[in-house]
Amino acid sequence: MRGELISGDPTATWEGAAIDSRALAGGELFFALPGERTDGHLFVADALAAGAAAAIVDDRPLEAPSGAVARVDDPYEALHRLTRTIRDRVPEHLVGVTGSSGKTTTKELLAAMLSRRYRTAASPGNLNNLLGFPLALLGIPDDTEWMVAEMGMSTPGELRRVSLLGRPDVAVFTNVRQAHLEFFGSVERIAAAKAELLAGLGRDGVVVANGDDPNVRWIASRHAGEVVFYGRRGGDVRAVDVESLRDGVGSRFRLVADAGEVEVVLPLHGTYNVDNCLAAAACALRLGVDVPEVAAAVTGLASQPGRGVVHRLDNGAVVVDDSYNSNPDAARRALESAAAVGAGRRWAVLGDMLELGEAGPELHRSVGARAVELGFAPVLGVGELSRHLVEEAAAVGADARWLADAGEAAAAAVVELRPGDVVLVKGSRGVGLEAVVEALLAAGGGRDA
């Protein structure tokens, strides 16, 4: 990292990295980074006390440290330099997964498949940006053969830098949707930003692409090397005879590829997860995992928190927790999948979909209309943009109500809940609708996910 050790043992070892003193497990390098609200240099002593192997700081004065401290010109750049250095030897190979939606689920599915044959590590949670990816890579075991890394972006140029840090051997593209429109202006520009993942992929690298998505096909056309297409309408790896399981939680389909065919029972809520499973399967098959192993790998998986978790409550109600994030396409798919769960009265708590720019009002109206078409009533809209969603739902005859924030929505949802209901909760992360989910679970007498 081209720094100077100003205290501590120069022979000490470390394992992993951290930028939050509260998240230390012990033994990590703590990088003291400035932030919007605070500065990591204020927490160097806390980090060392919590077990950090060393703190990486800049040249500002510090109180006498109680552990190892290394001084560098810029801790942020030092984190990236260290990431590039470690990437030269760990992992042996890396898959980068990107897309407007489905990244985290595809990553988890692919990691499960690859682990049937290789020593595999996956980036935890959604550590996928210029801070998260380095932390993920620096924390994997030294003997990792394949790392599956989620790679995301929110501004132009960001994914290019993440890709150059990770230098993937395989790039997986799930889809391009109306997300981050506020920063990009059009879906075409979002596609161009997603294509930045190709920056770190060599000519001999492999692209795994959603052939059903024209924007992803355009991205794939920019790669001079091998492309593996997957999809429901065709491709090298296909899903046919897709159906929801009778309880609406999970799907069954036949996976068809040149290597063979197999029935897959996917225990994840929503048939949209079939597409994520196809992405993972196409990659795993290309990397040498057998067709039966691909099907077997998914049987024990569960939805990630806030991403389509189905809770069956003691009072007979069902809560579909899709509160982690949202965009217009994802909201429509979540409504369609929740409509297939159970036979009770269905209603929804739908929060603002953020970062949509000038298109936000109209896109919210489209989601409100779709909710009514699918029989959701009442429709509770949460946040300023969701006023448009509620207005559209009400205009076509539904019981639709607007609520200012997650606190109001939680109180209203508890009053609304009846035995046997099916309730969908979905909104952008910034709306905080997990509070609504927790309130519903408590009101329904407990949970069984």
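See the structure above.
Quick caveat, the model's predicted, so the values are computed rather than measured.

### Describing the sheet that holds strand β4 (residues 54–57)
Move 1: Ordered by their spatial adjacency, five strands build an open sheet running β1-β5-β4-β3-β2, and the pairing between neighbours is mixed. Taken across any chain shown, the strands that pair with only one partner, and hence form the sheet edges, are β1 (4–7) and β2 (17–18).
Move 2: Packing of helix α2 (residues 75–87) onto the sheet brings it into contact with β3 (29–31) and β4, and relative to β3 it is tilted by some 140 degrees.

### Looking at the nonpolar core
Move 1: Membership of the largest hydrophobic core comes to 76 residues, with the highest contact counts inside it found for Phe31, Phe133, Leu335, Leu350, Phe376 and Leu424.
Move 2: Per-element accounting of this core gives the leading share, five residues, to helix α4 (residues 132–138).
Move 3: When sequence neighbours within four positions are dropped, the list of residues in contact with Leu350 reads Leu335, Val367, Ala371, Val379, Leu380, Gly381, Val382, Ser386, Leu389, Leu424, Lys426 and Leu433.
Move 4: Among the nonpolar cores identified, the runner-up in size contains 43 residues, and Leu110, Val228, Val274 and Cys283 belong to it.

### Focus on the sheet that holds strand β13 (residues 251–257)
Move 1: Pairing is mixed in the open sheet, where nine strands are placed in the order β7-β8-β6-β9-β10-β11-β12-β13-β14. Either end of the sheet is taken by a strand with one partner, and the two such strands are β7 (120–122) and β14 (260–266). In this sheet, neighbouring strand axes are inclined to one another by 15 degrees on average, regardless of whether the strands run parallel or antiparallel.
Move 2: Sheet topology note: the β13/β14 ladder contains seven bridges and is antiparallel. In the strand pairing of β14, Arg252 is matched with Val265.
Move 3: In this fold helix α8 (residues 214–221) packs onto β9 (170–173), β10 (206–210) and β11 (226–231), with an angle of close to 165 degrees to the strand it touches most, β10.

### What about unusual backbone geometry?
A negative phi angle characterises most non-glycine residues, just as the trans form characterises most peptide bonds.
Move 1: With an omega dihedral of -10 degrees, the bond running from Val90 to Pro91 counts as a cis peptide bond.
Move 2: When you line up the elements, Pro91 lands in the loop between α2 and β6 (93–98).
Move 3: In this model, Ala377 is joined to Pro378 through a cis peptide bond whose omega is 0 degrees.
Move 4: Looking at the secondary structure, you find Pro378 in the loop between α12 (360–373) and β18 (379–382).
Move 5: Phi at Glu355 is positive, roughly 65 degrees, even though this residue is not glycine.
Move 6: Relative to the helices and strands, Glu355 resides in the loop between β17 (346–351) and α12.
Move 7: Taking relative accessible area as the criterion, Glu355 reaches 29% and is therefore assigned partly exposed.

### Here we look at the pairing of β6
Move 1: Within β6, five of the six residues are buried, which leaves the element mostly enclosed by the surrounding structure.
Move 2: Across five bridges, β6 lies against strand β8 (residues 146–150) in parallel orientation. Residue Val95 lies in a different strand from β8, and its bridge partner there is Val148.

### Quick look at the side chain of Asp213
Move 1: Looking at the secondary structure, you find Asp213 in the loop between β10 and α8.
Move 2: There is a polar contact of 2.9 Å between the side chain of Asp213 and the backbone nitrogen of Asn215.
Move 3: In this structure, Asp213 is in contact with Asn175, Val176 and Arg177, ignoring residues within four places of it in sequence.

### Some details on the environment of Thr174
Move 1: Along the chain, the position of Thr174 falls in the loop between β9 and α6 (181–184).
Move 2: The exposure class of Thr174 is buried, given its relative accessible area of 2%.
Move 3: Between the C-alpha atom of Thr174 and that of Asp275, which follows or precedes it by 101 residues, the distance is 7.9 Å.
Move 4: Setting aside anything within four residues of it in sequence, one finds Thr174 in contact with Val97, Thr98, Gly99, Ser100, Ser101, Gly102, Thr106, Asn210, Val216 and Tyr230.

### Here's the deal with α12
Move 1: Counted at 1.5 Å a residue, the expected span for α12 with its 14 residues is 20 Å, and the 20 Å between its end C-alpha atoms agrees.
Move 2: Those residues of α12 lying buried are Gly360, Leu363, His364, Val367, Gly368 and Ala371. Axial view of α12: buried residues confined to an arc of 145 degrees, hence all on one face.
Move 3: Its buried side turned inward, α12 meets α6, α11 (328–338), β17, β18 and α13 (386–395).

### Comments concerning the state of the cysteines
Move 1: Inspection of every chain in the model, using the stated rule, returns zero disulfides.
Move 2: Summary of cysteine pairing: Cys283 is not part of a disulfide, and the nearest cysteine sulfur, belonging to Cys277, is at 12 Å.

### Topic: the environment of Val162
Move 1: Looking at the element boundaries, Val162 is found in helix α5 (residues 158–166).
Move 2: For Val162, the residues in contact, after removing those within four places along its chain, are Asn128, Asn129, Leu130, Phe133, Met151 and Gly152.

### Regarding the pattern of salt bridges
Move 1: In this structure the tally under the stated criterion is 29 salt bridges.
Move 2: Lys426 is the salt-bridge partner of Asp322, the closest N and O atoms lying 3.3 Å from each other. Residue Asp322 is located in strand β16 (residues 318–322), and its partner Lys426 is located in strand β20 (residues 422–426); the two are separated by 104 residues in the primary sequence.
Move 3: In this structure Asp322 comes out as buried when scored by relative accessible area, which is 7%.
Move 4: Given the relative accessible area of 5%, Lys426 is considered buried.
Move 5: Notably, a salt bridge pairs Arg365 with Glu362, separated by 3.1 Å at the nearest N-O pair. Separated by three residues within a single helix, Arg365 and Glu362 lie in helix α12, roughly one turn from each other.
Move 6: On the accessibility criterion, Arg365 (24% relative accessible area) is partly exposed.
Move 7: A single network of salt bridges, built from pairs that share partners, joins Arg177, Asp213, Arg232, Asp275, Asp329 and Arg333.

### Topic: helix α7 (residues 187–194)
Move 1: Every buried residue of α7 is listed here: Val187, Ile190, Ala191, Ala193 and Lys194. Axial view of α7: buried residues confined to an arc of 160 degrees, hence all on one face. Exposed residues pointing more than 90 degrees away from the buried face of α7 are listed as Glu188 and Arg189.
Move 2: On its buried side, α7 packs onto β6, α5, β9, α6 and α8.

Basis of the calculations
Residues numbered from 1 in each chain as written. Predicted model: local features only at pLDDT ≥ 70, side-chain atom pairs only at ≥ 80, totals over all residues. Heavy atoms only, no water. Pairing = 2+ DSSP bridges. Helix = DSSP H or I, 4+ residues; strand = E, 2+ residues; numbered from the N terminus. Contact = heavy atoms within 4.5 Å. Axes fitted to C-alpha atoms, helices over the stretch in contact; angles between N-to-C directions. Core = buried A, V, L, I, M, F, W, Y, C linked by side-chain atoms within 4.5 Å. Buried < 20%, exposed > 50% of the residue type's maximum accessible area, 1.4 Å probe, protein only. Polar contact = N/O pair within 3.5 Å; in protein donor to acceptor, adjacent residues only side chain to side chain. Expected span 1.5 Å × (residues − 1). Arc of directions from axis to C-beta. Disulfide = S-S within 2.5 Å. Salt bridge = Lys/Arg side-chain N within 4 Å of Asp/Glu carboxyl O.

Read these as geometric descriptors, not functional statements.
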